[in-house]
Amino acid sequence: EAQVTQNPRYLITVTGKKLTVTCSQNMNHEYMSWYRQDPGLGLRQIYYSMNVEVTDKGDVPEGYKVSRKEKRNFPLILESPSPNQTSLYFCASRIQGAGDTQYFGPGTRLTVL
Amino acid sequence: QKEVEQDPGPLSVPEGAIVSLNCTYSNSAFQYFMWYRQYSRKGPELLMYTYSSGNKEDGRFTAQVDKSSKYISLFIRDSQPSDSATYLCAMSELYNQGGKLIFGQGTELSVKP
């Protein structure tokens, strides 16, 4: 089954404790992206990757890092999480050139205390 | 002013009703227009995809784009309780290197049996 998976699905942590949210896709997509979803603000892009070792900032990159060492994986790293990073996070992927029909993962609900 | 405006609802209709969901936007460079459906605790899933202006129909769903008015719509005919979800409009520019989608806030729809 073609899918985008994320782990963990739910996470409660404390300020300053480094964490990683993993994202993996099995569709051999070149392009992957991270979004956060907040009430009243909708979905906003954090980082994106056009292919292996090629990443760039989206609209709200502050406080986040990403890496793309393999085509299928695109982890989101919070080096020192803060309460304003409490949000619902989505990973997405698509084939390069396929318009903008992105496929989303199930989401990770993060709470930073 | 947000680039994409969408009435957050909630919108409640009886089963069988015709539902109209709308978004307005300000960026005339948008060329790709999408509607995503998001069930509770799930990631957004692509429902309809349109390039430039015009109409597109898929079963009970019809997407319309009016670029002159910067207005897009999604119509759902013979609505079903299973259509109860949040509907997100999304848009992007033609040469979208970053693959960034600009989302509306989402409209929460409830279809009552």
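Provided above is the structure to which this section pertains.
Let me begin by describing the structure that accompanies this report. (Residues numbered from 1 in each chain as written. Chains lettered and ligands numbered in written order. Predicted model: local features only at pLDDT ≥ 70, side-chain atom pairs only at ≥ 80, totals over all residues. Heavy atoms only, no water.)

Concerning the overall build of chain B
From N to C terminus, chain B includes zero helices and 11 strands. Taken from the N to the C terminus, the helices and strands of chain B come in the order β-β-β-β-β-β-β-β-β-β-β. Seen through its principal axes, chain B has C-alpha atoms that stretch 45 × 30 × 25 Å. Out of the 113 residues belonging to chain B, those deemed buried represent 45%. Long-range contacts, defined here as pairs at least 24 residues apart, represent 56% of the contacts in chain B between residues at least 6 apart. A total accessible area of about 5500 Å² is found for chain B, and carbon and sulfur atoms account for 47% of it. With 11 positive and 12 negative side-chain charges, chain B shows a separation of 4 Å between the mean positions of the two kinds. (Helix = DSSP H or I, 4+ residues; strand = E, 2+ residues; numbered from the N terminus. Buried < 20%, exposed > 50% of the residue type's maximum accessible area, 1.4 Å probe, protein only. Contact = heavy atoms within 4.5 Å. Areas by Shrake-Rupley, 256 points an atom, 1.4 Å probe, with all protein chains shown as cover. Lys, Arg positive; Asp, Glu negative; His and termini not counted. Charge placed at Lys NZ, Arg CZ, Asp CG, Glu CD.)

As for the pairing of strand β6 (residues 54-57) of chain A
Residues and elements named next belong to chain A. Of the pairings in the sheet, the one linking strand β5 (residues 42-51) to β6 comprises four bridges and is antiparallel in character. Considered in β6, the bridge of Tyr47 is made with Lys57. Between β5 and β6, which pair antiparallel and follow one another directly, the connecting turn spans two residues, one of which, Glu53, has a positive phi of 65 degrees. (Pairing = 2+ DSSP bridges.)

What about the state of the cysteines?
Using the criterion set out here, one finds two disulfides over all chains in the structure. In this model, Cys23 of chain A is linked to Cys91 of chain A through a disulfide, with the two sulfur atoms separated by 1.8 Å. One quick way to see it: the torsion about the S-S bond of Cys23 of chain A and Cys91 of chain A is about -75 degrees, and its sign makes the bridge left-handed. Taken together, the residues Cys23 of chain A in strand β3 (residues 19-25) and Cys91 of chain A in strand β9 (residues 87-94) connect sequence positions 68 residues apart. As far as burial versus exposure is concerned, Cys23 of chain A and Cys91 of chain A are alike and both buried. Paired by a disulfide, Cys23 of chain B and Cys89 of chain B hold their sulfur atoms 2.0 Å apart. Taking the torsion about the sulfur-sulfur bond, which here is approximately -100 degrees, the covalent link between Cys23 of chain B and Cys89 of chain B counts as left-handed. You can see Cys23 of chain B sitting in strand β3 (residues 19-25) and its partner Cys89 of chain B sitting in strand β9 (residues 85-93), a full 66 residues away along the chain. Summarising the burial analysis for this pair, Cys23 of chain B and Cys89 of chain B share the class buried. (Disulfide = S-S within 2.5 Å.)

A few points about the sheet that holds β3 of chain B
Residue and element names in this part refer to chain B. Here we have five strands laid out as an open sheet, ordered β1-β3-β8-β7-β6, and antiparallel in their pairing. If you trace the sheet from one side to the other, it starts and ends with β1 (4-6) and β6 (54-58), each paired once. Across this sheet, the average inter-strand angle for adjacent strands is 15 degrees, counted without regard to direction. (Axes fitted to C-alpha atoms, helices over the stretch in contact; angles between N-to-C directions.)

Comments concerning the environment of Ser93 of chain A
Residue and element names in this part refer to chain A. Of note, Ser93 is situated in strand β9. For the pair Ser93 and Lys17, spaced 76 residues apart in the sequence, the C-alpha separation amounts to 28 Å. Those residues in contact with Ser93 that lie beyond four places of it in its chain are Val4, Gln25, Met27, His29, Tyr31, Met32, Thr101, Gln102 and Tyr103. A polar side-chain atom of Ser93 sits 2.8 Å from a polar atom in the side chain of His29. (Polar contact = N/O pair within 3.5 Å; in protein donor to acceptor, adjacent residues only side chain to side chain.)

By themselves, these observations are geometric and do not establish any function.
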